[in-house]
Amino acid sequence: MARVASPPPRDQGMKSSGIITLLTDFGNADGYVAAMKGVILGIMPHARLIDITHEVPPQEVAAGAFILSAHYRYFPAGTVHVAIIDPGVGTSRHAIACFLDGHYFVGPDNGLFDFCARAAPPPAVRLSRREFWRTALSNTFHGRDIFAPVAAHLANGAALEELGDSFTLKPQRPAHACKVDQNTLHGEIIFSDRFGNLISNITREDLSRFASGAKIAVQLKRQTIHGLQTSYASVGTGEPVALINSFDLLEIGVNQGNAKMQLQATLGTPVIIVKGESDNSHAIE
């Protein structure tokens, strides 16, 4: 049974930018991405196609959601973002499109768009109008047969509400919330990039509220890192470093090394911030 919302959603009449981004776990070896691009260009030959990444680890929905939430905002309003990490393809999971902050999102309802659901919830539809799909439908490649053509029609001027039934978008995965316990702030690792840098769910704002002007230590497994630095090279080669990264999140790296391998951390590894235990660090602002 579909979750239905009323009245029909509105997308604020946003004019398309003509840009469609693609984010998948398909890789670039098998031609799946090319098939999607071919379908899009067959509907909208003038579309501008941008690859965010196709190297999301297979089936890692949380990783895809983080990358999309961190990068979509750098595109112009009216951009359509297609995100496909879809281990439930062909099952009863819903195919959806939604609108947030001037952007459209198209893909499976499996947690990829939890950042949208928690922000609004936004106008959304369940993709039920088959005239916006490919005529031939594979049960294993909805990226090509449903999401790519829907994205092309949306970027080509179709209104969100034309694509299907109104839908209430709800978070599918647990939220990564920080917790304060006496003199400690508790977070966790939510993403690791190709350099092995460990990105946590602790924001600059979290740290400022918790320890503005105070010295801190960052604890990850058996490693304690004293203070925040302003660059990876603020410490010696091979040494761990904690800093605020370009997304305003606390990151743990290793100067010219791989923190994920060196510190043996994975997604969900706890990160603990302790006040009053720092040296040689810049102030938390």
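Presented here is a report on the structure given in the accompanying data block.

Procedures and definitions
- Residues numbered from 1 in each chain as written.
- Predicted model: local features only at pLDDT ≥ 70, side-chain atom pairs only at ≥ 80, totals over all residues.
- Heavy atoms only, no water.
- Helix = DSSP H or I, 4+ residues; strand = E, 2+ residues; numbered from the N terminus.
- Buried < 20%, exposed > 50% of the residue type's maximum accessible area, 1.4 Å probe, protein only.
- Contact = heavy atoms within 4.5 Å.
- Areas by Shrake-Rupley, 256 points an atom, 1.4 Å probe, with all protein chains shown as cover.
- Lys, Arg positive; Asp, Glu negative; His and termini not counted.
- Charge placed at Lys NZ, Arg CZ, Asp CG, Glu CD.
- Expected span 1.5 Å × (residues − 1).
- Bend = angle between axes of the 7 residues up to and from the residue.
- Polar contact = N/O pair within 3.5 Å; in protein donor to acceptor, adjacent residues only side chain to side chain.
- Salt bridge = Lys/Arg side-chain N within 4 Å of Asp/Glu carboxyl O.

### Topic: the overall build of the protein chain
Within the protein chain, the regular secondary structure consists of six helices and 15 strands. In terms of principal-axis extent, the alpha carbons of the protein chain reach across some 65 × 40 × 30 Å. When the 285 residues of the protein chain are sorted by exposure, 50% land in the buried category. Intrachain contacts of the protein chain at a sequence separation of at least 6 include 70% that bridge at least 24 residues. Accessible area for the protein chain stands at about 13400 Å²; split by element, carbon and sulfur atoms hold 50% of it. Between the averaged position of the 24 positive side-chain charges in the protein chain and that of its 26 negative side-chain charges there is a distance of 4 Å.

### Some points on helix H4 (residues 142–155)
For H4, which comprises 14 residues, the first-to-last C-alpha distance of 18 Å matches the rise-based estimate of 20 Å (1.5 Å per residue) to within 8%. Of all the bends in H4, the largest measures some 25 degrees and sits at Ala 148, one to four residues before the proline Pro 149. All of the buried residues along H4 are His 142, Gly 143, Asp 145, Ile 146, Phe 147, Ala 148, Pro 149, Val 150, Ala 151, Ala 152, Leu 154 and Ala 155. Buried-residue contacts for H4 involve strand E1 (19–24), helix H1 (32–43), strand E3 (80–84), strand E4 (95–100), strand E5 (103–108) and strand E6 (124–127). Following H4 by one or two positions, Gly 157 has its phi on the positive side, about 120 degrees.

### Concerning the side chain of Asp 114
Its location among the elements puts Asp 114 in helix H3 (residues 114–119). Given the relative accessible area of 6%, Asp 114 is considered buried. A distance of 2.9 Å separates a polar atom in the side chain of Asp 114 from the backbone nitrogen of Arg 173. The residues touching Asp 114, leaving out its near neighbours within four places in the chain, are Lys 170, Pro 171, Gln 172 and Arg 173.

### Some points on the pattern of salt bridges
Counted according to the given criterion, the structure contains ten salt bridges. Lys 37 is the salt-bridge partner of Asp 51, the closest N and O atoms lying 2.8 Å from each other. Highlighted residues: Asp 51 in strand E2 (residues 48–53) and Lys 37 in helix H1, separated in sequence by 14 residues. Notably, a salt bridge pairs Arg 118 with Asp 114, separated by 3.9 Å at the nearest N-O pair. Here Arg 118 and its partner Asp 114 are both found in helix H3, four residues apart, which amounts to about one turn of the helix. Looking at Arg 118, the relative accessible area reads 42%, which means it is partly exposed.

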